[in-house]
Amino acid sequence: MDAIRWEGNTLYLLDQTRLPVQEDWIAYTDFRSVARAITDMVVRGAPAIGITAAYAYCLAALEFRNAPDFAAAMEQAEQVLAASRPTAVNLFWALRRMADCLKANGSTPEAIDVLIQEAQAIHEEDVEMNRTLGDFGAAVVPAHARILTHCNAGSLATGGYGTALGVVRSAFNQGKVDMVYADETRPLLQGARLTAYELVHDNIPCTLITDNMAGFLMAQGKVDLVILGCDRMAANGDFANKIGTYSVAVNARYHGIPFYTALPSSTIDLSIEDGSGIPIEERPGVEVTHLAGVQTAPEQVRTWNPAFDVTPHQLLTGIITERGVIYPPFKENLAKLFG
Ligand code: MRU
């Protein structure tokens, strides 16, 4: 399963706002429309946002190839793309890599072919990292595991295969997974619409629950471990992930359940010391007052809609990466592997 394709100088995105009811691919040749698609979550998930931005950078280069000041136009395009969503660091990581590539190749339109190759490399490397971290992560999954996950950290959120769901896929292929519990993930239902869709598609046993059921499920002894994704990890291991992650982490700690996040190195931001420095996106209140377009609350009510929360590293059992599984002390061990 994939959600991002580059063919004939055109970017195609699987419209994730329509899944699982419709599988619509949208073609993009304008980088500004791609920036809007990221904001509107046609494409979402930290690594997928980064890959998409890299391809969008190529669309900008194609558009500006005859511009009087190509380098200045590209800097502006980079800013437009960087403003699309604030939390997932993969967006800024990918844009930096593309801008560095352009600079290293003379900052001229002659670099366009190399830029396209760079975006494709970012895409391919992401799938490779997912497969590697999936195999490392499978080692921490016990036999007959019942795994809880939150949001969608699967093929749809990445270049393919997935981070948390990459671990699930690798462990399932080793015969270790009895059940995956998917939190539905209000307000935008990535767990119900996307994770359940991926797992059903791959014939991996899946049970969908609403977010408020996770604690009771744990209390009943039905969860052996939690594995979920990450949008940005600070140098000390604090990490931002989909809103609700923190509640799952607190519940897991109370019930003595191992709690892991899985992420590629492109999601680690060593420039931020701890979780308090991670910018948290706040989205429109209509996502809280409405469910799938149907009003479920009075229009006048106040809302608060942070798209992510920060989980302190103290609640983590381990961090699953493409270079291995990291255990405490996280700050020292993250620096050793990625510093
Ligand atoms: O708002 P979203 O859907 O982009 O949030 C996605 C998540 O929080 C994922 O868990 C995270 O990006 C990891 S994806 C491999």
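Residues numbered from 1 in each chain as written. Predicted model: local features only at pLDDT ≥ 70, side-chain atom pairs only at ≥ 80, totals over all residues. Heavy atoms only, no water.

**Examining the packing of aromatic side chains**
All told, the structure shown has 3 aromatic pairs when counted by the stated rule. The ring of W25 carries the charged tip of R5 above its face, separated from the ring centre by 4.0 Å. A cation sits over an aromatic face here: K242 above F308, 4.4 Å from the ring centre. (Phe/Tyr/Trp six-rings, centres within 6.5 Å; stacked < 30°, edge-to-face > 60°. Lys NZ or Arg CZ within 6 Å of the ring centre and 35° of its normal.)

**Let's talk about the pattern of salt bridges**
Summed over all chains, the structure comprises 15 salt bridges. The shortest N-O distance in the salt bridge between R96 and D100 comes to 3.1 Å. Within this pair, R96 and its partner D100 are both found in helix α4 (residues 89-104), separated by 4 residues, close to a single helical turn. The class for R96 is partly exposed, based on a relative accessible area of 43%. Note that E281 is salt-bridged to R283, the shortest N-O span being 2.8 Å. Comparing E281 with R283 shows no difference in burial state: the two are buried. (Salt bridge = Lys/Arg side-chain N within 4 Å of Asp/Glu carboxyl O. Helix = DSSP H or I, 4+ residues; strand = E, 2+ residues; numbered from the N terminus. Buried < 20%, exposed > 50% of the residue type's maximum accessible area, 1.4 Å probe, protein only.)

**So, the UniProt feature "binding site: substrate" (unreviewed entry) in the chain**
When the UniProt feature table is mapped onto this chain numbering, "binding site: substrate" (unreviewed entry) sits at R44, G45, A46, R85, Q190, N241 and K242. Among the annotated residues just listed, those that line the largest cavity are R44, G45, A46, R85, Q190, N241 and K242. Look at G45 and you get buried, because its relative accessible area is 11%. Structurally, K242 can be placed in strand β9 (residues 239-242). Given the relative accessible area of 6%, K242 is considered buried. (UniProt positions renumbered as here; feature names shortened; annotations may be inferred. 1 Å grid on protein atoms, 1.4 Å probe; cavity = no way out; pocket = protein on both sides within 12 Å on 5 of 7 lines; lining within 4 Å.)

**Considerations on the domain arrangement of the chain**
Each assigned domain of the chain is listed here: domain 1 (4-128) and domain 2 (142-338). On a C-alpha basis, the centroid separation for the pair domain 1 and domain 2 is 25 Å. Between domain 1 and domain 2, a total of about 2100 Å² is buried, with carbon and sulfur atoms accounting for 53% of that surface. When residues of domain 1 are sorted by the area they lose upon contact with domain 2, R44, T87 and V89 head the list and together hold 28% of the total. Applying the counting rule to domain 1 against domain 2 returns 1 salt bridge. Two residues, E281 and R85, come together in a salt bridge whose shortest N-O distance is 2.9 Å. Between the two partners, domain 1 and domain 2, sit 17 residue pairs in polar contact (both at pLDDT 80 or more). Taken together, the elements giving at least two residues each to the side of domain 1 that touches domain 2 come down to α2 (46-63), α4 and α5 (112-138). (Domains from an automatic or database assignment. Buried area = accessible area lost by both parts, 1.4 Å probe. Polar contact = N/O pair within 3.5 Å; in protein donor to acceptor, adjacent residues only side chain to side chain.)

**Observations regarding the sheet that holds strand β14 (residues 318-321)**
Here 7 strands make up an open sheet; going across it, the order is β6-β5-β4-β7-β10-β14-β15 and the pairing mixed. Every interior strand has two partners, whereas the edge strands, β6 (206-209) and β15 (324-326), have only one. Sheet twist, expressed as the mean angle between neighbouring strand axes with direction ignored, is 25°. Bridge count between strand β5 (residues 177-183) and β6: 4 bridges; the pairing is parallel. Opposite Y181, over in β6, you have T207 as the bridge partner. Lying on the sheet, α5 is in contact with β10 (259-262), β14 and β15; it crosses β14 at an angle near 140°. Set on the sheet, helix α9 (residues 245-254) makes contact with β4 (145-149), β5, β7 (225-228) and β10; between it and β10 the angle comes to about 145°. (Pairing = 2+ DSSP bridges. Axes fitted to C-alpha atoms, helices over the stretch in contact; angles between N-to-C directions. Contact = heavy atoms within 4.5 Å.)

**Re the nonpolar core**
Counting residues in each nonpolar core, the largest one holds 52 residues, and the members touching the most others are I4 and L11. Going through the elements one at a time, β1 (4-7), β2 (10-14), α1 (31-39), α2, α3 (70-82), α4, α5 and α7 (190-201) are the ones with two or more residues in this core. In terms of residues, this core owes the most to one element, α2, which gives 14 residues. Here this core spans two domains, and each of domain 1 (4-128) and domain 2 (142-338) adds at least three residues to it. Counting 26 residues, the second largest nonpolar core, distinct from the first, contains L148, V223, I257 and F259. (Core = buried A, V, L, I, M, F, W, Y, C linked by side-chain atoms within 4.5 Å.)

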